There are 2 protein chains.
Amino acid sequence: MPRLRLALAQSNPIVGDLVGNADQIVAAAHAAVEQGADLLALGEMALTGYPIEDLASRPSFLVDASQAVTALAARLETEGLGHLPVVVGHPDGPHEPRLLGTSNAPTAIAQNCASVLQGGTVVARYAKHHLPNYGVFDEYRIFIPGDELLVLRLKGVDVALIICEDLWRDGGPVGRVLESDAGVLLVINASPFERDKDEVRVPLVTRRATETSTVVAYVNIVGGQDDLVFDGDSVVVNEHGEIIARAPQFAEHLLVVDVDAADATDTELPPAVRRVELAGGGTSTEHAAAADIAQLPDDREQLWNALVTGTRDYVRKNGFRTVILGLSGGIDSAVCAAIAADALGPENVYGVSMPSRYSSDHSRSDADDLADRIGLNFTTEAIADLVAPVETQLELDGVAAENLQARVRAIILMGLSNMHGHLVLTTGNKTELSVGYSTIYGDSVGGFAPIKDVPKLLVWELARWRNEHAEGRGETPPIPENSIAKPPSAELRPGQVDQDTLPPYEMLDAILDAYVGRELGRDDVVALGFAPETVDFVTRLVDRSEWKRRQGAIGPKISGMAFGRDRRLPITYRPTK
Amino acid sequence: MPRLRLALAQSNPIVGDLVGNADQIVAAAHAAVEQGADLLALGEMALTGYPIEDLASRPSFLVDASQAVTALAARLETEGLGHLPVVVGHPDGPHEPRLLGTSNAPTAIAQNCASVLQGGTVVARYAKHHLPNYGVFDEYRIFIPGDELLVLRLKGVDVALIICEDLWRDGGPVGRVLESDAGVLLVINASPFERDKDEVRVPLVTRRATETSTVVAYVNIVGGQDDLVFDGDSVVVNEHGEIIARAPQFAEHLLVVDVDAADATDTELPPAVRRVELAGGGTSTEHAAAADIAQLPDDREQLWNALVTGTRDYVRKNGFRTVILGLSGGIDSAVCAAIAADALGPENVYGVSMPSRYSSDHSRSDADDLADRIGLNFTTEAIADLVAPVETQLELDGVAAENLQARVRAIILMGLSNMHGHLVLTTGNKTELSVGYSTIYGDSVGGFAPIKDVPKLLVWELARWRNEHAEGRGETPPIPENSIAKPPSAELRPGQVDQDTLPPYEMLDAILDAYVGRELGRDDVVALGFAPETVDFVTRLVDRSEWKRRQGAIGPKISGMAFGRDRRLPITYRPTK
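Residues numbered from 1 in each chain as written. Chains lettered and ligands numbered in written order. Predicted model: local features only at pLDDT ≥ 70, side-chain atom pairs only at ≥ 80, totals over all residues. Heavy atoms only, no water.

(A) The packing of helix α1 (residues 18-34) of chain A against helix α2 (residues 59-78) of chain A, seen in detail. Residues and elements named next belong to chain A. The geometry of α1 relative to α2 is characterised by a closest axis approach of 11 Å and an angle of 30° between their N-to-C directions. When the interaxial angle is binned, α1 and α2 end up roughly parallel. As α1 runs across α2, the sense of the crossing is right-handed. Touching Leu18, Ala22, Asp23, Ile25, Val26 and Ala29 of α1 are Asp64, Ala65, Ala68, Leu72, Arg75 and Leu76, all from α2. Each residue belonging to the contact of α1 with α2 can be placed in one class, and the counts come to nine nonpolar, no polar and three charged. (Axes fitted to C-alpha atoms, helices over the stretch in contact; angles between N-to-C directions. Helix = DSSP H or I, 4+ residues; strand = E, 2+ residues; numbered from the N terminus. Parallel < 35°, antiparallel > 145°, perpendicular 65-115°, else oblique. Left-handed = near helix turned anticlockwise from the far one by under 90°. Contact = heavy atoms within 4.5 Å. Nonpolar A, V, L, I, M, F, W, Y, C, P; charged D, E, K, R; others polar.)

Right, here's the structure in full:
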């Protein structure tokens, strides 16, 4: 069996940054050549970042991207890397529009492509066949599908090339891999993280390997892009379904592995398959060192890393260095502070305690304790003297007066942000966001919401995990035990606790998981055993707070049904029941 | 030639309100029977409202909608209307999922259908073939396409039935209408208003009539649903391309018209066409009174009506009675107040003047004048005593201190909203929103933004039009001449005017039309004749304020490229140039 040395690069592109992303690719190519690779592959859209959304409909963007592909090919040659075939994802166009809809409609003019660069030019190109248009994906909106499988012949091995969604569907290109007698199936991906996705992704790769009798090489990008976090977790599985290499999650990494693949044959190609001969790649004859097979950390650590990665990349990619957030002494702000410190270093995190006349002593002491444990920058701004003049002048009471306190805190955070250039983090969790238990333009303000996709019970669980993790490494647990243990409260009136107005969190999160997460109807939620009046109360709160969610900050998606792109519902909605 | 009396009902559904929407349909059926109609047709999704977005992926919603169809058929029969064939749009499902994507992906389980109700049951059903998935539409995400044209044989006439986008595409069902020898082509629609759309829509209807040798009956819903405004403008065009009936824009209306259509023939049906015989409809033998042929008002009046309709329906459909907004004396808030008064009556509009130490005398007197002219509720809340304590405590200056003023005003409006149940309107225009010339959590706060899709120059034009319109009717022009004439200013520092920091509005709106409206790249905008540094300045502002737009209120779409659903771009974006 011929042997190929594959290099799979988990790069972390920034959408639009053609220069910076190309630099990452060239660096990966240097490293791949140093390690004697025969072929280097990067992720889907590694040259432009993913998702590019409607930038794909802008002809000038496509022209720039196409020029960047050509320039990259030339640069690889100039830097002495031209012999190495490099497979890189990018949008291609502008093409003739696919659809003739209404005259004003933007129509798809791009394809989602993988180009093979060698010898200073583009030697082959594959266009993605299956365009996901569900969940967070809008690819049917912006791309024209391809219709031909590409097979690269390299050093006596046929390498079939597809992109992401193509692997998930039975029809189309993946169905032609077996007939093509390919020895390797290379899949380039931009596959966002979500909880338990590793339980479907790797089994799929494994199944395709055995079905198609190929070594499947799966390469994914890493890093945060708005509300998506890409986890890498690139993997190579042999034709027996055994994992022979696996890259670490959430880290830029070059995974190099020797694969023994079936000889290329000269059987007639099936229809809709094109074969391109590549010049031999690497020159190494030594067997590579045993490839990495990274172990996935446990579920909670994966989630924590996703939140840290999403927060770090949103902050950095948008040009911020520091963040600011309100510290109430409660669990949500404590967890957000710990995430921010892990993402950016504690010296770049600014916490502000903003006690009111209703704040308990522990809310101040717990915030202080948190700041000490983490080592973040900590100040206190009492709100009483700022709230009183407004309350008096406008004669506010009840909920209006409660919301006022939250809005004065927002003014403080935004004022300090404007003065010092910090990005404001908003600390609401998914449960709160689901039922609208927050003050709009109050505690909801901010550019990024680290735990917006984390339900309350999971916030506690992650807090406990993070503390245990610190203990296990002989470090100070960041989150005060009291913030974990005490009953949650917004502290907007004397003695208030969340459960004055909301069902117990165990029940609330279970109802929300059914209604939001699994899209069950009201009757189906009741059938799970919850009291009808509780279900009606909760679902009504969810329906009525859509307008608040629309105006909320983005935050990292970690579930299969995150607010935002995953779940698109009208604001104006009058349910019959 | 046989004669059919068609009734086309422009109803104004609320998304989800199966009971209220059915009531509208039954009322239309009563009116249609009274006028001797042979067939009644309502718009696309008239039973559920449009767009239903991801409600289409919720099995319980589809079950409820299907039961509502059955119940509606039965109710029509019970109320003595069973002989009238009623064509009504609704989602149908749940069906087997169309796609097998990633295991967690919601997949399309619904069809976008038109059901024909007669004799107490559903006698025929058509499923939309072409699913728009561009601009504001996401139908490929949520619907499974149909594949068969439906022809209804009624009183010796064959009536082909299609839905909205089907009319716009050459292939598919519309291509089979001519071969089917149909005499009438009935199209039910939920086609949102945008400027100049009448210049493509009616010509398309006309072209299809002559191409297919049919009378084309085109019925559209009316009313606002979140950021979309449906304008009705239902029309009937004979096979010579002549308009024989047209309903008024933006009004609930029943359009009744007698059409003389070709005899049904017994030629063999082409493939993918199904014919269903209906019992004869109406009993009238009198010729109907000449049908209405409404005249479209001029462009500015259409735009004004769209803004009024969108505002009225957002407020009412979400259960509000009153609105509140800040009145600065400037043109934007004056136009918003006039729209709100036209939408809800001046007695339901609350204006608040919130002068600061930098406010000019005219800002107060112009606001006062506006309130008098319109007759809205008017109060004044000075902000100086509320701003000073924050400014002092936080030591704010520069932009931070400017933003603080806007945020204190937001606190006032939200406090009054919370106390009195008013919906807050936010008064920013499209130009401002494009370049981020607003204070987030300050002047941007609110649930609805009446002029968010209106560029600054058009704001002035609409103000002048509204005043002239009032004068033409002998009414008081609502907008103070001074608010129109004076140079725009945020008045956040002494002597400030917008043009201190922005290019002249004539230039700015032209650059934005090119960059945002027509999606031209930076170089193409420069090629139009603008200074490169101005183009760079403006495009950078647009790119950098995406995060603010994402957190902004929705408002009525009137252009071909409204912010929100039409233009979906990443926040994290680092352009190369």
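(B) Seen up close, the sheet that holds strand β16 (residues 323-326) of chain B. Residue and element names in this part refer to chain B. Taken in spatial order, the four strands make up an open sheet running β18-β17-β16-β19, and their pairing is parallel. With one partner strand each, in any of the chains shown, β18 (377-380) and β19 (423-424) form the two edges of the open sheet. Both β16 and strand β17 (residues 349-353) contribute to a ladder of four bridges, which runs parallel. Note on β17: the bridge partner recorded for Leu325 is Gly351. (Pairing = 2+ DSSP bridges.)

(C) Summary view of the pairing of strand β1 (residues 3-10) of chain B. All names here are of chain B. Here β1 lies mainly inside the structure; seven of its eight residues are buried. Taken together, the eight bridges between β1 and strand β14 (residues 253-260) define a ladder with antiparallel strand orientation. Within β14, the position partnered with Gln10 by the bridge is His253. The parallel pair β1 and strand β2 (residues 39-42) is bridged by helix α1 (residues 18-34), and the resulting crossover is right-handed. (Buried < 20%, exposed > 50% of the residue type's maximum accessible area, 1.4 Å probe, protein only. Right-handed = clockwise from strand over helix to strand, strands pointing away.)

(D) Fine view of the pattern of salt bridges. One pass over the structure, following the stated rule, counts 91 salt bridges over all chains. The salt bridge involving A:Lys128 is made with A:Glu139; its shortest N-O contact spans 3.0 Å. Taken together, the positions of A:Lys128 in the loop between β5 (121-127) and α3 (139-142) and A:Glu139 in helix α3 put the pair 11 residues apart, joining distant regions of the chain. The buried category is assigned to A:Glu139, whose relative accessible area is 2%. By sharing partners, the salt bridges in this structure join A:Asp226, B:Glu546, B:Arg549, B:Arg550 and B:Arg567 into a single network. (Salt bridge = Lys/Arg side-chain N within 4 Å of Asp/Glu carboxyl O.)

(E) Expanded view of the packing of helix α15 (residues 505-517) of chain A against helix α17 (residues 532-544) of chain A. Residue and element names in this part refer to chain A. In contact at an axis separation of 10 Å, α15 and α17 are set at 60° when each is read in the N-to-C sense. The pairing of α15 with α17 is recorded here as oblique in orientation. Seen along the crossing, α15 lies across α17 with a hand that is right-handed. Listed contacts from α17 to Met507, Leu508, Ile511, Leu512, Tyr515 and Val516 of α15 are Thr534, Val535, Val538, Thr539, Val542 and Asp543. Grouping the amino acids of the contact of α15 with α17 by side-chain chemistry returns nine nonpolar, two polar and one charged.

(F) Representation of unusual backbone geometry in the model. Backbone torsion omega between A:Tyr50 and A:Pro51 reads -5°, so that peptide bond is classified as cis. By the secondary structure assignment, A:Pro51 is in the loop between β2 (39-42) and α2. Look at the link from B:Gly93 to B:Pro94: it is a cis peptide, with omega at 0°. Structurally, B:Pro94 can be placed in the loop between β3 (86-92) and β4 (111-118).

(G) Quick peek at the pairing of strand β13 (residues 243-246) of chain B. All names here are of chain B. Looking at chain direction, strand β12 (residues 235-237) and β13 are connected through three bridges and run antiparallel. Of the residues in β13, the one forming a bridge with Val235 is Arg246. Hairpin geometry of β12 and β13 is characterised by an intervening segment of five residues between the two adjacent antiparallel strands and by a positive phi of about 85° at Gly241.

(H) Summary view of the environment of A:Gly560. Residue and element names in this part refer to chain A. Here Gly560 shows up in the segment after α18 (546-550). Taking the C-alpha atoms as reference points, Gly560 and Val136, separated by 424 residues in sequence, lie 9.6 Å from one another. Those residues within four positions of Gly560 in sequence are excluded, and the remaining contacts are Glu194 and Asp566.

(I) Broad picture of the relation of the copies chain A and chain B. With an RMSD of 0.0 Å, chain A superimposes on chain B once it is rotated by 180° and translated 0.0 Å along the axis. Each copy turns onto its partner about a two-fold axis. No C-alpha of chain A lies nearer the rotation axis than that of A:Gln551, which sits 2.0 Å from it. (Least-squares fit on C-alpha atoms with pLDDT ≥ 70 in both.)

(J) Seen up close, the interface of chain A and chain B. At the interface, 94 residues of chain A touch 93 residues of chain B. Buried area between chain A and chain B, summed over both chains or domains, comes out near 8500 Å², and the portion from carbon and sulfur atoms is 55%. Where chain A touches chain B, the interface holds six salt bridges. B:Asp138 is paired through a salt bridge with A:Arg568; the nearest N and O atoms lie 3.6 Å apart. Our count for the contact surface shared by chain A and chain B stands at 43 residue pairs in polar contact (both at pLDDT 80 or more). Counting residues per element, the ones that place at least two in the side of chain A that touches chain B are α1, α2, α3, α4 (165-168), α7 (299-317), α10 (384-394), α11 (398-420) and α18 of chain A. The element best represented in the side of chain A that touches chain B is α11(A), accounting for 12 residues. Looking at the side of chain A that touches chain B residue by residue, the classes come out as 45 nonpolar, 22 polar and 27 charged. (Buried area = accessible area lost by both parts, 1.4 Å probe. Polar contact = N/O pair within 3.5 Å; in protein donor to acceptor, adjacent residues only side chain to side chain.)

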